[in-house]
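The lines below spell out each chain.
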Protein chains: 2
Amino acid sequence: MKKYSQVYEEIKNMIVTKQLVCGDKAPSVRKASELFGVSTTTIQNAYFDLCADGYLIAHPKSGYFVSDIDEINTREETVLEKSNIKYDLTGGIADADSFDFTVWQRYIKSALRQKERLLSYSEPQGEYDLRCAISGYIREKRNVIASPDRIVIGAGVQPLIQALCIMLDKKSVVSFPDKSFVQGIGIFNDYGFEVHTRDKDADIIYVSPSHMTRWGDVMPIKRRLELIDYSVKHNSLVIEDDYENEFLYNVKPTPSLFALGKGNIVYIGSFSAMLLPGIRISFMVLTEELEKKFKEIAPRYAQTAGKTEQIALCQYIRDGHINSQTRKIRRLYSAKTKEFAKLLKEEMPDALVEIGENTLQIVLRCRFNKDLSVFEEMGISVFVEKYKDNELVLVISPSGILQNEIKDAVSALKKAIES
Amino acid sequence: MKKYSQVYEEIKNMIVTKQLVCGDKAPSVRKASELFGVSTTTIQNAYFDLCADGYLIAHPKSGYFVSDIDEINTREETVLEKSNIKYDLTGGIADADSFDFTVWQRYIKSALRQKERLLSYSEPQGEYDLRCAISGYIREKRNVIASPDRIVIGAGVQPLIQALCIMLDKKSVVSFPDKSFVQGIGIFNDYGFEVHTRDKDADIIYVSPSHMTRWGDVMPIKRRLELIDYSVKHNSLVIEDDYENEFLYNVKPTPSLFALGKGNIVYIGSFSAMLLPGIRISFMVLTEELEKKFKEIAPRYAQTAGKTEQIALCQYIRDGHINSQTRKIRRLYSAKTKEFAKLLKEEMPDALVEIGENTLQIVLRCRFNKDLSVFEEMGISVFVEKYKDNELVLVISPSGILQNEIKDAVSALKKAIES
């Protein structure tokens, strides 16, 4: 343990255990330096961080004072425990073990050192070097050949879809043959497009070939080719949302539609699932025509993704971390899904348990005749695919459950269904 | 200087001066520790940061290698020097002296320590505790009383306007009496609204009372009251974009329209100008009716602002840094604008030089009969308000010019106009 951390932890501990209480003055930097037998720089750093974390408050010229620790606790409780959900099986959260915060922090720190760049707005399309890095990444991973000029970055997939909605002809008919992307359907509706969920008869076709259904079915290559042929013949635009392509496991890696090399295709990808849900960076590859249109609207739509994270991600990709992170997360999530499914089969032998082609999801079919509120009462958040005639179909994503919590999560689920 | 920085700088220097060249293996951590006479932890930290900054590449199990430094240089040149603009007088960039990167970095580090929170998506409205902090901040600063539930956060003002466009009745007529916010006019046009720039006759009125014109005129209190009365009488919605209210200097601080306490008002504010253009965090206060509508659309519009920066900003506001930052930036920018205007008057005695009510802008009127491309040729980017009949009107924002560059910037401007 470094000296700095010792000082930080000792003072924090004195505050948490109420040896120092709200309003108390902390020892001066010089005095604390004698007390702990470390340099004043070390104390200063510890004090700065205690301030940033809310334990101390700096009063210019009069020193450091202990803040209201109960207030911090109440705050954290309101933020963290607003819901009583103990087991989130909806896949909306990541596993704490999946992400190396220390590595990411180094890249953020490095980005914050590039002061010159942070002083100006990002280009509307996003930082040029990040677009170069993404161009290399998708070429290698998904065989998508795209110049950085064709790539547009955004703070999540939604702002990108919104940009498309603004650029596309409002008289177009849009189809979502996969149905599962309800947010996407909602957005196109909000922008006044005619939207349906039939397979064809559309000017714009929105598909997620690696995640067609909520339980992660993959689009067979035959249907991919048909879709491309249709789009070429009818001059329709295909929007390929390559959602969760990284998690395909039981099936052979399927090529992206874009890589098939025909038709008008907009390719969409995201880093949130690979990194952290709180890091909002997605991207799309535009067609030549849309690239021109984007240049027209760009002056009134500033880039939404933060510049610091864009700079950090660029170097993170260049150094190969995104590849090792993908391997790590795939191994981890796949192992958890398998174990979850195995335990579920053992605990509920009468139920039907299946893992999807995309290993992030488990489909559970079982008999059930209670009110669905029982799940929330048991602290479980889960996606109900169907509940009819005493049959229940759940789609379970254990990504956010820690390995050592799986057993308890399965027990809680069994109890909710059977008790 | 700390040991760590010495090691970092020495190795970086050896790479930059080509004593170590691309492909060379760096000494092992143990060996470097003996060489520099510091702990292996110090070496490890320096190596990690040299990797993050692109000077070294880590090869797992085989050590650290020097990367292609020329490639870094080329990259940085493409990123930084894509344009030859030496003096950006459009106000789009910030002054390197205006922002304390070290303090901000501490808050970012602290945010990255809150792993639990970073593992999940942000609420669609934005982080609850940041909304609490903003609620307190605007109450104190702008007399805007708003519960955190009414506040929506977004990655910049544009995503917030887009959310409004989605929620508002498309048959509404929108007026932009201030005209200067061309991006806003463009966005409402993109969403199919009927937009005009007359004063009244509108269901929705978009105004920036602290920055009505490009040169920062402030809306007089009489017109504010008229506007509110009109909106109450006609049941119209007023969108108050409190853009650059922090920079009012020559005039008394004017109350926000919202604080007048009448009518249907959406209040919009932003932190980008106070912090860094690359930090994308803005917010709006919704009316009761729009708050309800937002809850309906929220499930399909994820929060765009990054979670790390939201958490950091929350604590930064709580600790009073935003207030001291506002004072600092106002003092700095106002001093620069005054000096710029003074030098301009001395250098170009025949021109008319005025500082706006909002001290960020200078209006320059002078005789001119060349092609406007002369400014770009001289490395100057500036906003041309008018150029007709040999009369030129420029709006100059010196915010991005360092204090010691002002003289050269004025000379360059004079030369471009007179030579």
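Provided above is the structure to which this section pertains.
Now for a quick tour of the structure. On a predicted model such as this, the values are computed, not experimentally measured, just so you know.

Let's talk about the overall build of chain A
Then comes step 1: Looking only at helices and strands, chain A features 15 helices and 15 strands.
Then comes step 2: Overall size of chain A, expressed as C-alpha extent along the three principal axes, is 80 × 60 × 35 Å.
Then comes step 3: A buried classification covers 54% of the 419 residues belonging to chain A.
Then comes step 4: Accessible surface for chain A amounts to roughly 18600 Å². Of this, 49% is attributable to carbon and sulfur atoms.
Then comes step 5: Across chain A, the mean location of the 56 positive side-chain charges is 4 Å away from that of the 58 negative side-chain charges.

Quick word on the packing of aromatic side chains
Then comes step 1: The full count for this structure, using the stated rule, is 33 aromatic pairs over all chains.
Then comes step 2: Residues Phe176(A) and Tyr206(A) carry aromatic rings whose centres are separated by 4.8 Å and whose planes lie at 15° to one another, so their mutual orientation is stacked. One end of the pair, Phe176(A), is in the loop between strand 5 (173–175) and helix 9 (182–190); the other, Tyr206(A), is in strand 7 (residues 204–207), with 30 residues separating them in the sequence. Of the two residues, Phe176(A) and Tyr206(A), both sit in the buried class.
Then comes step 3: For the pair Phe176(B) and Phe188(B), a centre-to-centre distance of 5.8 Å together with 65° between the ring planes defines the contact as edge-to-face. Linking Phe176(B) in the loop between strand 5 (173–175) and helix 9 (182–190) with Phe188(B) in helix 9, this pair joins segments that are twelve residues apart in sequence. Taken individually, Phe176(B) and Phe188(B) each receive the classification buried, so the pair is uniform in this respect.
Then comes step 4: Each residue in the set Phe99(A), Phe101(A), Trp104(A), Tyr107(A) and Tyr316(A) is aromatic and connected to the rest through ring pairs, giving one cluster.

Some details on helix 10 (residues 221–234) of chain A
Residue and element names in this part refer to chain A.
Then comes step 1: Its 14 residues give helix 10 an end-to-end C-alpha distance of 20 Å, which sits within 8% of 20 Å, the value for a rise of 1.5 Å per residue.
Then comes step 2: Looking only at helix 10, the buried set comprises Arg224, Leu227, Ile228, Tyr230 and Ser231. Along helix 10, the residues classed as buried sweep out an arc of 160° about the axis, all on the same side. Summarising the geometry of helix 10, the exposed residues directed more than 90 degrees from the buried face are Lys222 and Lys233.
Then comes step 3: The inward-facing, buried residues of helix 10 contact strand 7, strand 8 (237–241) and strand 9 (264–270).
Then comes step 4: A positive phi of about 55° marks Asn235, the residue just after helix 10.

Calculation notes
Residues numbered from 1 in each chain as written. Chains lettered and ligands numbered in written order. Predicted model: local features only at pLDDT ≥ 70, side-chain atom pairs only at ≥ 80, totals over all residues. Heavy atoms only, no water. Helix = DSSP H or I, 4+ residues; strand = E, 2+ residues; numbered from the N terminus. Buried < 20%, exposed > 50% of the residue type's maximum accessible area, 1.4 Å probe, protein only. Areas by Shrake-Rupley, 256 points an atom, 1.4 Å probe, with all protein chains shown as cover. Lys, Arg positive; Asp, Glu negative; His and termini not counted. Charge placed at Lys NZ, Arg CZ, Asp CG, Glu CD. Phe/Tyr/Trp six-rings, centres within 6.5 Å; stacked < 30°, edge-to-face > 60°. Expected span 1.5 Å × (residues − 1). Arc of directions from axis to C-beta. Contact = heavy atoms within 4.5 Å.

Read these as layout, nothing more, since geometry by itself doesn't imply function.
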